[in-house]
Amino acid sequence: SLTMPPALSLNDAVDEYLNDLKVLKSPHTWGVAHIALTRFLDYVARRQPEALGDIEALSPRTVRLFSGHLVDHGLQKASVATYLVPVRCLLKYALKTNPGLDIPPPDIIELPELPDRVPIPDERLPDMLRLATEDAEDATAWRLTRMRDHAMLETLYATGIRVSELVGLDRRDVNF
């Protein structure tokens, strides 16, 4: 007789995913995923507790309604997306590490449409850019520093990247 492998619990799937994430991603990414997946587990525990012990019991409806639950609790679109992405990644991970698993497909989770974030011009920006380029009579090192600062401010403003990402940029990262 064929013996069935023990069911993969949703709790174990989350633990395995978070353990892998801890190795592969930044502590910040892990922390966001941990918070989101803990909230998802709490939601599943209330809606469909049998899925905690067997991930294959997780219904597409439960997964889909999680986003509505987040909206009902006052989260904005960007925050809802922040919670949904780790759940989607969890489902992808579970399918990748357990081929043949019968769970809702990851793309069942629709991420909210987010507007492109264009920074709101700060009235201080022109002054900051002017300060970064004036005094051309300064020593060459100062001129170069100011040109660099000006380029950094323009890049931050134009792209919306984080300061940590900007600082990590290298010449070879620029597609001329």
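Residues numbered from 1 in each chain as written. Predicted model: local features only at pLDDT ≥ 70, side-chain atom pairs only at ≥ 80, totals over all residues. Heavy atoms only, no water.

## A short note on the side chain of His 69
The cut-off we apply is this: Only DSSP runs of H or I with at least four residues qualify as helices, and only runs of E with at least two residues qualify as strands; both kinds are numbered from the N terminus onward. Residues count as neighbours in contact if any of their non-hydrogen atoms are within 4.5 Å of one another.
Of note, His 69 is situated in helix α4 (residues 60–72). Ignoring any residue separated from it by four or fewer positions in sequence, one finds His 69 in contact with Arg 39, Tyr 43 and Arg 46.

## Topic: a negative patch on the surface
So the rule is basically this: Note that patches include only residues with greater than 30% relative accessible area and no salt bridge, and the join distances are 9 Å for like charges and 5 Å for nonpolar side chains (Val, Leu, Ile, Met, Phe, Trp, Tyr). Reported accessibility uses the Shrake-Rupley method at a 1.4 Å probe radius. Residues are deemed covered only where the shown protein chains occlude them. Within this document, salt bridges are pairs made up of a side-chain nitrogen of Lys or Arg and a carboxyl oxygen of Asp or Glu, the two lying within 4 Å of each other. Charge counting follows a simple rule: Lys and Arg are positive, Asp and Glu are negative, and His as well as the terminal groups are ignored. In plain terms, the charge of a residue is placed at NZ if it is Lys, CZ if Arg, CG if Asp and CD if Glu. Only protein chains enter the accessibility calculation, which uses a 1.4 Å probe. A residue is then buried if its area is under 20% of the maximum for its type, exposed if over 50%, and partly exposed in between.
Together, Asp 12, Asp 15, Glu 16 and Asp 20 make up a region of like negative charge exposed at the surface. Positionally, Glu 16 belongs in helix α1 (residues 10–24). Judged by relative accessible area, which is 35%, Glu 16 ranks as partly exposed.

## Let's talk about α4
Basically, it comes down to this: By this rule the span expected of a helix is its residue count minus one, scaled by 1.5 Å. Consider a residue and the seven residues that end there alongside the seven that start there; fitting an axis to each set, the bend is the angle between those axes.
Here α4 spans 19 Å end to end across 13 residues, near enough to the 18 Å set by a 1.5 Å rise per residue. Most pronounced at Phe 66, the bend in α4 amounts to some 30°. Just downstream of α4 lies Gly 74, where phi reads positive at about 85°.

## Re the packing of α4 against helix α5 (residues 77–97)
What counts here: To get an axis, a line is fitted to the C-alpha atoms, and for a helix only the part in contact is used. The angle between two axes follows their N-to-C directions and goes from 0 to 180 degrees. What sets the label is the angle itself: under 35 degrees gives roughly parallel, over 145 gives roughly antiparallel, 65 to 115 gives roughly perpendicular, and the rest give oblique. Handedness of a crossing follows from how the near helix is turned relative to the far one, being left-handed for an anticlockwise turn of less than a right angle and right-handed for a clockwise one. Polar here means any residue other than Ala, Val, Leu, Ile, Met, Phe, Trp, Tyr, Cys and Pro, which are nonpolar, and Asp, Glu, Lys and Arg, which are charged; Gly is therefore polar.
Contact geometry of α4 with α5 gives a least axis separation of 10 Å together with a crossing angle of 160°. Accordingly, the angle class assigned to the pair α4 and α5 is roughly antiparallel. Crossing of α4 against α5: the hand is right-handed. Two secondary-structure elements touch here, α4 through Val 63, Phe 66, Ser 67, Leu 70 and Val 71 and α5 through Val 80, Tyr 83, Leu 84, Val 87 and Leu 91. In the contact of α4 with α5, the residues fall into nine nonpolar, one polar and no charged.

These figures capture arrangement, not role.
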